[in-house]
Amino acid sequence: MKGTLAQVRSYERSVQLLMVNQFTINLGFYMLMPYLAAHLAGPLGLAGWLVGLILGVRNFSQQGMFLVGGTLADRLGYKPMIIAGLVLRIVGFATLGLVDSVPALLAASAATGLAGALFNPASRAYLALDAGDRRVEAFALFNVFYQAGILLGPLVGMVLTGVDFRVTCLTAAGIFAVLSIVQIRALPARRADDTQEQKDGRRESVLAEWRGIIANRAFLLFSVAMVGSYVMSFQVYLALPLEVRRLGGEGQFGTAAVAVLFAVSGLSTILFQTKVTAWCKARMEPGRALTWGLLTMGVAFVPLLAATAVPVPDGGVGLWLLAAVPPALSALLLALGTMIAYPFEMDTIVRLSGDRLVATHYGLYNTICGVGITLGNLLTGAALDAARAAGVSALPWIALLALGLVCAAALYRLHRTGRLAPPPVRGAQPEPVTA
């Protein structure tokens, strides 16, 4: 951990602030959101469909507005969008804890989602700009802080929610308020270099910029291929816990085993992300690293697939081991695959953008992946239901393994055909031929 902190200190202050910023954002978010559904259904007594609607509005407003948030960041600057997102989170989180009417809860949930759409593309584009040639290593460190927030947030939230859910909401809002003040005072103003955004002395319209990004075929193919990585990594929160509880039950053992999944995923990233990135960068090109990352994530479901061939014990230690060990191995391999791919993934988006409209590219990329996650989770849920109904427990793991193999093959194809290389700069003249 000392080595990680030393690497962080080697970057300029703005990059350090962005990493702390992301840790704090995730801390505040994950100390509240895992307990929101129980609050809505329990003390507030809302129907299940209303709970789903309120949670869905947050996700929809975030995924649907990523492109707009990225465009605003490229046009208005990164810092204003980061601060605007933080302020919206303050309002949204405080409102979730203080109101009980459905319209107000829907508005608060939408504000919380829109906040993420504003600061996520801006912070990543800012990090890519200020990290310069070291952005792969910077995104590796960024992921360490990201995962640390996810790991610590639910633990803090569990303690606070044990007192009162309102305390959790107001504490989360307070954290974002302090973070906003720090960003206003200490984060330097940055904006994209818009010298290439000018055309005949005038900036292109938003629609023209969006058409240009959509015409970037390599970027779109890369985005679609990477959807699989998000669908697979999300199974730490969906399919793996369901499998643990299917075998281990809903009691204390099932709860503890699910907690182990999250701990394995988060702690392994915190401890090994920078080492994995350094090893990969020294030995392979970005396209190969992405391919190996997706392949590792696909192979992560092999332990679960193998476990379906083992007779389920009636109880005791054997049942506990079968319920806990294969999902934990899968969580570890999913984390490893993410560690391999994530820094190169973020760097590839910048390279495919040609350093032009970086935040907008991040915004569209997040939207594509968000839609993919929604569809992927629906299909995974359907596969889990079909597997139980048909008595074919291997079905979802075969499907997820196949998804990993297909996406890895797609990335390998993009790498081999040179489509992951930066596009030529618009208006650049070919170099003269020399003897």
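Criteria and cut-off values
Residues numbered from 1 in each chain as written. Predicted model: local features only at pLDDT ≥ 70, side-chain atom pairs only at ≥ 80, totals over all residues. Heavy atoms only, no water. pLDDT = per-residue confidence, 0-100. Helix = DSSP H or I, 4+ residues; strand = E, 2+ residues; numbered from the N terminus. Contact = heavy atoms within 4.5 Å. Salt bridge = Lys/Arg side-chain N within 4 Å of Asp/Glu carboxyl O. Buried < 20%, exposed > 50% of the residue type's maximum accessible area, 1.4 Å probe, protein only. Phe/Tyr/Trp six-rings, centres within 6.5 Å; stacked < 30°, edge-to-face > 60°. Lys NZ or Arg CZ within 6 Å of the ring centre and 35° of its normal.

**Brief notes about the confidence of the model for the protein**
In low-pLDDT regions, the fine details of the predicted coordinates are not to be read closely.
Next up, step 1: For the protein, per-residue confidence averages 88 on the pLDDT scale, and residues scoring 70 or more make up 94% of the total.
Next up, step 2: For the protein, per-element mean pLDDT is lowest for strand 1 (residues 198-199), which scores 48, and highest for helix 13 (residues 286-299), which scores 96.
Next up, step 3: Of the regions scoring below 50 in pLDDT, residues 427-435 engages in zero contacts with residues more than four places distant in sequence or in other chains.

**A word on the pattern of salt bridges**
Next up, step 1: Applying the stated rule across the entire model yields eight salt bridges.
Next up, step 2: One salt bridge in this structure joins K281 and E137, with 2.7 Å as the shortest N-O distance. With a gap of 144 residues between them, K281 in helix 12 (residues 252-283) and E137 in helix 7 (residues 135-163) connect regions that are remote in the sequence.
Next up, step 3: Judged by its relative accessible area of 38%, K281 is partly exposed.
Next up, step 4: As a salt-bridge pair, R351 and D347 come within 3.0 Å of each other at their nearest N and O atoms. With R351 and D347 both in helix 15 (residues 316-353) and four residues apart, the pair spans about one turn of that helix.
Next up, step 5: On the basis of relative accessible area, R351 is assigned to the buried category, the value being 16%.
Next up, step 6: The class for D347 is buried, based on a relative accessible area of 7%.
Next up, step 7: Look at the salt bridges and you will find they share partners, linking E12, D130 and R190 into a network.

**What to know about the packing of aromatic side chains**
Next up, step 1: Going through the model one piece at a time under the given rule, you end up with ten aromatic pairs.
Next up, step 2: Ring centres of F234 and Y237 lie 5.7 Å apart, and the angle between their planes is 55°; on these two criteria the pair is classed as tilted.
Next up, step 3: The partly exposed category is assigned to F234, whose relative accessible area is 31%.
Next up, step 4: Look at Y237 and you get partly exposed, because its relative accessible area is 41%.
Next up, step 5: The structure contains a cluster of three or more aromatic residues connected by ring pairs, namely F139, F142 and Y342.
Next up, step 6: Against the face of Y11 rests R134, its NZ or CZ located 3.8 Å from the ring centre.

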